[in-house]
Amino acid sequence: PNPRIAALLKGTSFMNGGKFDVMQVAIADKSGEAVLSVKDKELGGGTIQKNKSETGLSQYTVPVLSIDNLVLTKGLAKVDIVKIDVEGVEPLVLSGMEKTLAANPGIRLIVEYSPSIYADARQFTEYLFSRFDVQHISGVDELKQLDSTSITTLLEIRDHADLYLRRKNVVK
């Protein structure tokens, strides 16, 4: 819901014949409202994660939906892929998409994984490995298979890693 990015996306949608909708909502585990913090000197980014007091932030009260509510609201019959990059709120987003995951066994997730900003990075990482086949996205076209022995290495990441997730135990 970053207002600067939303304005650019709306212009892009218009220039391309309105082929996609821009919804100014944050995504988390349940519907409601949150405070979005955006650094004044950065074009993109922003988070609804509770921040320490920081100077140079603009804050906006924004509506919040879960993925489950978004899928219902938009009347989506099937969800194939979800890209999640929500600056530390990834655990909440996954918590708010249980129905979507259950209804879409072939769903794929691309998650920007940033353990240094999660409240409980170990618990979230163990959750990922318990529910998903986890691969690390390297470069533009390489996937590296990870397993639970990779958890410690992932937890040591100080920036982020892009992960590709597929549900485990899906009958094909």
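Provided above is the structure to which this section pertains.
Residues numbered from 1 in each chain as written. Predicted model: local features only at pLDDT ≥ 70, side-chain atom pairs only at ≥ 80, totals over all residues. Heavy atoms only, no water.

### Brief notes about the layout of surface pockets
Rolled over the atoms, a probe with the dimensions of a water molecule shows which regions are left empty.
Right, on to step 1. What the largest pocket holds in volume is close to 1,100 Å³.
Right, on to step 2. Pro 1, Met 23, Val 25, Ile 27 and Lys 83 are the residues nearest the centre of the largest pocket, which is lined by 33 residues in total.
Right, on to step 3. Secondary-structure elements contributing two or more residues to the lining of the largest pocket are helix 1 (3-15), strand 1 (26-28), helix 2 (67-74) and strand 4 (81-84).
Right, on to step 4. Within the lining of the largest pocket, the residues separate by chemical class into 22 nonpolar, six polar and five charged.
Right, on to step 5. Around the second largest pocket, the lining is made up of 32 residues, and of these Ile 48, Gln 49, Lys 50, Val 89 and Leu 92 lie nearest the centre.
Right, on to step 6. Taken together, the elements giving at least two residues each to the lining of the second largest pocket come down to strand 2 (32-39), strand 3 (57-66), helix 3 (90-95) and helix 5 (121-131).
Right, on to step 7. Counting residues per element, the lining of the second largest pocket draws most heavily on strand 2, at five residues.
Right, on to step 8. Of the residues in the lining of the second largest pocket, the class split is 15 nonpolar, ten polar and seven charged. (1 Å grid on protein atoms, 1.4 Å probe; cavity = no way out; pocket = protein on both sides within 12 Å on 5 of 7 lines; lining within 4 Å. Points joined across faces, edges and corners; volume = space filled by probe spheres on them. Helix = DSSP H or I, 4+ residues; strand = E, 2+ residues; numbered from the N terminus. Nonpolar A, V, L, I, M, F, W, Y, C, P; charged D, E, K, R; others polar.)

### A short note on the sheet that holds strand 7 (residues 142-145)
Right, on to step 1. Across the sheet, which stays open at both edges, the five strands sit in the order 4-5-8-6-7 with mixed pairing between neighbours. The open sheet has two edge strands with one neighbour each: strand 4 and strand 7. If you compare each strand with its neighbour and ignore which way they point, the axes differ by 25 degrees on average.
Right, on to step 2. Taken together, the six bridges between strand 5 (residues 108-113) and strand 8 (residues 161-167) define a ladder with antiparallel strand orientation. By the bridge assignment, Val 111 is partnered in strand 8 with Leu 163. (Pairing = 2+ DSSP bridges. Axes fitted to C-alpha atoms, helices over the stretch in contact; angles between N-to-C directions.)

### Re the sheet that holds strand 1
Right, on to step 1. Sheet architecture is open: three strands sit in the order 1-3-2, paired in mixed fashion. Single-partner strands in this sheet number two, and they are strand 1 and strand 2. Geometrically, the sheet is characterised by an average inter-axis angle of 45 degrees between neighbouring strands, direction not taken into account.
Right, on to step 2. Pairing between strand 1 and strand 3: three bridges, direction parallel.

### Topic: the pattern of salt bridges
Right, on to step 1. This structure, assessed with the given rule, holds five salt bridges.
Right, on to step 2. For Lys 78, the salt bridge goes to Asp 80, with nearest N and O atoms at 3.2 Å.
Right, on to step 3. You can call Asp 80 partly exposed: its relative accessible area is 45%. (Salt bridge = Lys/Arg side-chain N within 4 Å of Asp/Glu carboxyl O. Buried < 20%, exposed > 50% of the residue type's maximum accessible area, 1.4 Å probe, protein only.)

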